[in-house]
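What follows is each chain in one-letter form.
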Amino acid sequence: MTRLGQTEFVALIAMLTATIAFSIDAMLPALPEIGAELTPDAVNRSQLIITSFVLGMGLGTFFTGPLADRFGRKNVIVCGAVLYVLATIVAYFAPTLETMLGARVLMGLAAAAPRVAAMALVRDLYSGRDMARIMSFVMLVFSLVPALAPTLGAVIIAWSNWRSIFIAFAVFMSTATVWLMLRQPESLPAENRRPISVANLWSATAEVFAHPTVRLSIFVQTLSYGMLFSVLSSTQQIFDKTYDQGETFHLWFGGIAVLAASASLINARLVGQLGMRPIIKATFLVQIVFSTGMIVVTLLSLPTQIELIFYALWTVSVFFQAGLTIGNLNALAMEPMGHIAGTAASIITAVATVGAVLIAVPIGLSFDGTPRPLAMGLFVCAVLAFVLTSRIRRDSD
């Protein structure tokens with residue numbers, strides 16, 4: 001099968017998968033203005049723009065895998081891109097928050113197509129160490145997006161207005177899709193495509209939740225994602241309203257993302273020596289300590305600038321935690337599911353993502369002008385995650 005050069009292929013896949021991070025993080029600087037315009041009586045609701053996208057992405061992930069196996073990788077990505085661009089148009093003209101949230105759900109649903117199908121495309125063309133090397137390069141590029149996206153969002157707002165961010169989303173997705181159509185051949189031949197079977201999907205879902213290791217890993221992954229999305233949806237408000245750093249928020253967030261990006265590299269070095277479960281347990285234990293410390297800091301009436309430093313470091317710890325736990329938890333969940341790997345991956349990711357939204361929304365909406373409710377919510381999640389991780393047993397045990 002014809003392949004692109006490795007550099008171009010990595011850049012293409014990274015751009016397709018980066019749609020998720022760009023669609024989330026570039027919105028963060030816009031939340032105050034969106035809240036003031038679309039929900040002035042309850043500006044805290046503007047953070048639902050983040051979690052509504054994640055909800056749509058989680059729902060879309062459940063279906064995208066089987067669709068990509070049935071209709072081909074490129075077809076699913078192109079259809080997802082068309083829906084995504086249409087949703088950005090609705091969002092651009094949205095007169096109410098409710099319309100905006102509906103458009104964001106559709107954007108997330110559509111963005112699940114490049115998220116899942118692009119990874120399947122990589123699996124079609126590469127395997128073993130070659131695939132691992134490709135994915136390492138993709139994730140290296142992907143990790144830079146959260147550092148750059150808020151700054152790009154802030155620049156667009158300064159140059160035009162918050163609605164113009166949706167034009168940037170449409171241009172980004174359209175560019176990646178046209179690139180895919182012109183340069184990348186379809187990687188799944190028609191003779192290898194599989195029909196969609198509702199019975200098989202139901203059977204696979206039942207099998208996933210019947211296995212105790214998989215079930216517990218999904219629950220813990222849900223908590224870890226929930227903690228991450230809680231911070232993502234609340235952090236702009238905290239930097240702005242609590243610490244008066246609204247104008248420099250994108251710089252703070254970029255620094256946090258850069259510091260946290262090393263977590264995946266550290267995990268890659270440690271997991272072979274220590275194992276997945278010890279790393280996960282240790283990470284959640286550290287988070288229990290850090291979240292407790294953040295709660296105490298909010299009770300001490302420290303100078304604002306001192307408390308800001310503690311909050312920024314705590315936020316780094318949450319992002320760092322995601323890098324040390326989510327990949328390992330996904331590996332633990334997938335280990336017994338090799339015979340239904342594609343479908344199981346969609347089910348596991350979809351359930352964990354949607355469940356995380358159910359955790360993140362109430363935690364985010366509890367914002368009272370301080371980071372204390374957020375820290376308390378994450379403390380409870382970290383304790384539950386630590387307890388559940390302690391109960392995970394691999395089949396080889």
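All of the points below concern the structure found in this document.

**Some points on helix α11 (residues 249–260)**
Next up, step 1: Between the first and last C-alpha of α11 there are 16 Å, a value that for 12 residues agrees with the 16 Å anticipated at 1.5 Å per step.
Next up, step 2: Buried within α11 we find F249, H250, F253, G254, I256, A257 and A260. End-on, the buried residues of α11 take up no more than an arc of 165°, which puts them together on one face. In α11, the exposed residues that point more than 90 degrees away from the buried face are L251, V258 and L259.
Next up, step 3: Tucked inside the fold, the buried residues of α11 contact α1 (6–25), α7 (145–159), α10 (212–242), α12 (263–274) and α14 (304–334).

**A closer look at the side chain of N44**
Next up, step 1: If you trace the backbone, N44 turns up in the loop between α2 (31–38) and α3 (48–71).
Next up, step 2: A relative accessible area of 14% means that N44 is categorised as buried.
Next up, step 3: At 3.1 Å, the side chain of N44 and the backbone oxygen of L365 are in polar contact.

**Concerning the packing of α3 against helix α5 (residues 97–125)**
Next up, step 1: At a minimum axis distance of 6 Å, the contact between α3 and α5 shows a crossing angle of 40°. Relative to α5, the crossing made by α3 is right-handed.

**Some words on the packing of aromatic side chains**
Next up, step 1: Taken as a whole, this structure holds 14 aromatic pairs when the rule is applied.
Next up, step 2: On the numbers, 4.9 Å between centres and 80° between planes, the contact of Y92 with F93 is edge-to-face.
Next up, step 3: Relative accessible area serves as the criterion here: at 25%, Y92 is assigned to the partly exposed category.
Next up, step 4: Centroid distance F239 to Y311: 5.3 Å. Interplanar angle 70°. Geometry classified as edge-to-face.

**A short note on the environment of L12**
Next up, step 1: Within the secondary structure, L12 is located in helix α1.
Next up, step 2: The exposure class of L12 is buried, given its relative accessible area of 0%.
Next up, step 3: Here L12 is in contact with L4, A176, W179, L180 and Q184, once residues within four sequence places are set aside.

**Some words on unusual backbone geometry**
Next up, step 1: Positive phi is not limited to glycine here, since D244 has a value of about 55°.
Next up, step 2: Tracing the chain through its elements places D244 in the loop between α10 and α11.

**Some thoughts on the environment of P371**
Next up, step 1: As for its placement among the helices and strands, P371 is situated in the loop between α15 (341–365) and α16 (372–390).
Next up, step 2: Given a relative accessible area of 0%, P371 falls into the buried group.

**Brief notes about the environment of C79**
Next up, step 1: By the element assignment, C79 lies in helix α4 (residues 73–92).
Next up, step 2: When its relative accessible area of 54% is taken as the criterion, C79 is described as exposed.
Next up, step 3: In this structure, the C-alpha to C-alpha distance between C79 and A110, residues 31 residues apart in sequence, is 8.0 Å.

Scoring rules and cut-offs
In this numbering scheme, every chain counts its residues from 1 along its sequence in written order. Two thresholds apply to this predicted model, a pLDDT of at least 70 for residue-level local features and 80 or more for giving and counting side-chain atom pairs, whereas whole-chain, interface and lining totals are computed over all residues. Side-chain numbers here rest on the full set of heavy atoms in the structure, without hydrogens or water. Comment: elements are numbered from the N terminus, with helices defined as DSSP H or I runs of at least four residues and strands as E runs of at least two. Here, expected helix span is obtained from the residue count minus one, scaled by 1.5 Å. To sort residues, take the accessible area from a 1.4 Å probe on protein chains only and compare it with the maximum for the residue type: under 20% means buried, over 50% means exposed, and anything in between is partly exposed. Each direction from the helix axis to a C-beta atom contributes to the arc, which is the arc of those directions. Throughout, a contact is declared for two residues whenever any of their heavy atoms are within 4.5 Å. For this analysis, a polar contact is any N or O atom pair within 3.5 Å, provided that within protein one partner can donate a hydrogen and the other can accept it, and provided that sequence-adjacent residues contribute only side-chain to side-chain pairs. The angle between two axes is taken between their N-to-C directions and runs from 0 to 180 degrees, where each axis is a line fitted to C-alpha atoms and a helix contributes only its stretch in contact. What makes a crossing left-handed is the near helix being turned counterclockwise from the far one by less than a right angle; a clockwise turn instead makes it right-handed. Classification of ring pairs rests on two measures: the distance between centres of Phe, Tyr or Trp rings, Trp counted by its six-membered ring, which must be within 6.5 Å, and the angle between planes, read as stacked under 30 degrees, edge-to-face over 60 and tilted in between.

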